2 protein chains.
Amino acid sequence: MSGPHYGGHMSSQVTSPALRQGLNARQAETVENLMAAGLQELRAVGHEVLTIRTVAQRAGVSPATAYTYLSSKNHLFAELFWRHLSEDGGGAPAGARATERLQATVRALTARIVAEPELAAAVTPALLGGDPDVARLRLRIGGEFYARFEAALAGDRRPADAAVLEVLVLTFTGALLQAGMGLLTYDQIADRLVSAVEVIMRGNE
Amino acid sequence: MSGPHYGGHMSSQVTSPALRQGLNARQAETVENLMAAGLQELRAVGHEVLTIRTVAQRAGVSPATAYTYLSSKNHLFAELFWRHLSEDGGGAPAGARATERLQATVRALTARIVAEPELAAAVTPALLGGDPDVARLRLRIGGEFYARFEAALAGDRRPADAAVLEVLVLTFTGALLQAGMGLLTYDQIADRLVSAVEVIMRGNE
């Protein structure tokens, strides 16, 4: 596996380039320990209480070591979220009609996100931060959403209609924002997105 | 003018109930001074530097007085944003087709938001906060978006199709989130939303 592939299909790589490039085996292991500890700490105490210091302690490294790899809590949350999404590689959904494939995609994505509720709660505010490490991950996460919707929309008939793809991704991110604000639960957003796909595709199938 | 009207058409009231109920004339004047000072301070120093303390100073009141009316910076930003939106009452846009009316609505809303760029930058992270005063304003702001899209979608043929309305609002909030993350400028979101309305309405006019 060489390098990131933003525009590609579905990503199976796990560590982002920022955290992988130029690391030796021991450093890479430290990063994996920090990520595992970060997720455990997040599940245990939630994103407001978690600190890089408590993550370092759980990983058995010094805070200074942790800060070598993680610039902020927001960076940790963005990295964990991106891993969580991209680990769920799967294939493109089957189905003869784009509407079916897209509905399967929104159900799969929301199910994946809701599987780590503390991470879901952490990531929306985290992704609004100005930190350059967060900005890079924000692009990768957005790229992952685009790639999944594009695969489902286009099926065998690539390229997908860019304007329709844009609406699907905007609708999906709008629903994630409403969930992040507590206006909708993730179960509600799955149902609303299935209905939204139906509405959007009515004139675009 | 009595009480809030969440489900109604367009709101012309300016102060939210939380900040209005049970205030005497002098208190109401203090609130207006704080709001004016808050907007000036926000324009002058940006949302990261602004504090309730500096807003109080600009308004000529004590910090304790300011905290009587404003529970947090996020509360201030949410209140200012809601006022900014609802002051722009206008009428429902004209046009024979829902698509035209909706496109005029997204242009008007984004133009209104971009008219106060520091407020736009402040409000997305602010609205993700857990503060109860913010939660109340979040519902009012969401209600305002729904009301405007509903008026444009339905025209004379009320009620509007709820599923289509949902997609329009989700798409709009998704675009605001992307702007809040710096992924799109507000000029870009206006153009993309005009295109998005076209796509969504293709099978729903």
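Reading the values: the criteria
Residues numbered from 1 in each chain as written. Chains lettered and ligands numbered in written order. Predicted model: local features only at pLDDT ≥ 70, side-chain atom pairs only at ≥ 80, totals over all residues. Heavy atoms only, no water. Helix = DSSP H or I, 4+ residues; strand = E, 2+ residues; numbered from the N terminus. Expected span 1.5 Å × (residues − 1). Buried < 20%, exposed > 50% of the residue type's maximum accessible area, 1.4 Å probe, protein only. Polar contact = N/O pair within 3.5 Å; in protein donor to acceptor, adjacent residues only side chain to side chain. Axes fitted to C-alpha atoms, helices over the stretch in contact; angles between N-to-C directions. Parallel < 35°, antiparallel > 145°, perpendicular 65-115°, else oblique. Left-handed = near helix turned anticlockwise from the far one by under 90°. Contact = heavy atoms within 4.5 Å. Nonpolar A, V, L, I, M, F, W, Y, C, P; charged D, E, K, R; others polar. UniProt positions renumbered as here; feature names shortened; annotations may be inferred. Buried area = accessible area lost by both parts, 1.4 Å probe. Salt bridge = Lys/Arg side-chain N within 4 Å of Asp/Glu carboxyl O.

Asker: I would appreciate a short explanation of helix H2 (residues 25–45) of chain A in the present structure.
Answerer: Given 3.6 residues per turn, any residue in an α-helix points the same way as the ones three and four places further on. All names here are of chain A. Between the first and last C-alpha of H2 there are 30 Å, a value that for 21 residues agrees with the 30 Å anticipated at 1.5 Å per step. Among the residues of H2, those classed as buried are Thr30, Val31, Leu34, Met35, Ala37, Gly38, Leu39, Glu41 and Leu42. Near the N-terminus of H2, the side chain that reaches the backbone nitrogen of Arg26, with its oxygen 3.0 Å away, is that of Asn24. A positive phi of about 85 degrees marks Gly46, the residue just after H2.

Asker: For this particular structure, what's the right way to read the packing of helix H6 (residues 98–114) of chain B against helix H8 (residues 132–154) of chain B?
Answerer: Two quantities define a packed helix pair, namely the angle between the helix axes and the distance between the axes. All names here are of chain B. At a minimum axis distance of 7 Å, the contact between H6 and H8 shows a crossing angle of 150 degrees. In terms of orientation, H6 lies roughly antiparallel with respect to H8. For the pair H6 and H8, the sense of crossing is right-handed. Across from Ala98, Arg101, Leu102, Thr105, Val106 and Leu109 in H6, the residues of H8 making contact are Phe145, Arg148, Phe149, Ala152, Leu153 and Ala154. Residues of the contact of H6 with H8, tallied by class, amount to nine nonpolar, one polar and two charged.

Asker: Would you explain the UniProt feature "DNA-binding region" (unreviewed entry) in chain A in this entry?
Answerer: Taking the numbering used here, the UniProt-annotated feature "DNA-binding region" (unreviewed entry) corresponds to residues 51–70 of chain A. Each end of residues 51–70 of chain A is marked by a C-alpha atom, and these two atoms are 11 Å apart; helix forms 75% of the span and strand 0%.

Asker: Help me out: how do you make sense of the interface of chain A and chain B in this one?
Answerer: As a measure of interface size, the accessible area lost when the parts come together is often cited. Taken together, the contacts link 30 residues of chain A with 30 residues of chain B. Both sides of the chain A and chain B interface together cover about 2700 Å² of buried area, and 69% of this is carbon and sulfur. The interface formed by chain A and chain B contains two salt bridges. As a salt-bridge pair, A:Arg192 and B:Glu166 come within 3.1 Å of each other at their nearest N and O atoms. At the boundary of chain A and chain B, one finds nine residue pairs in polar contact (both at pLDDT 80 or more).

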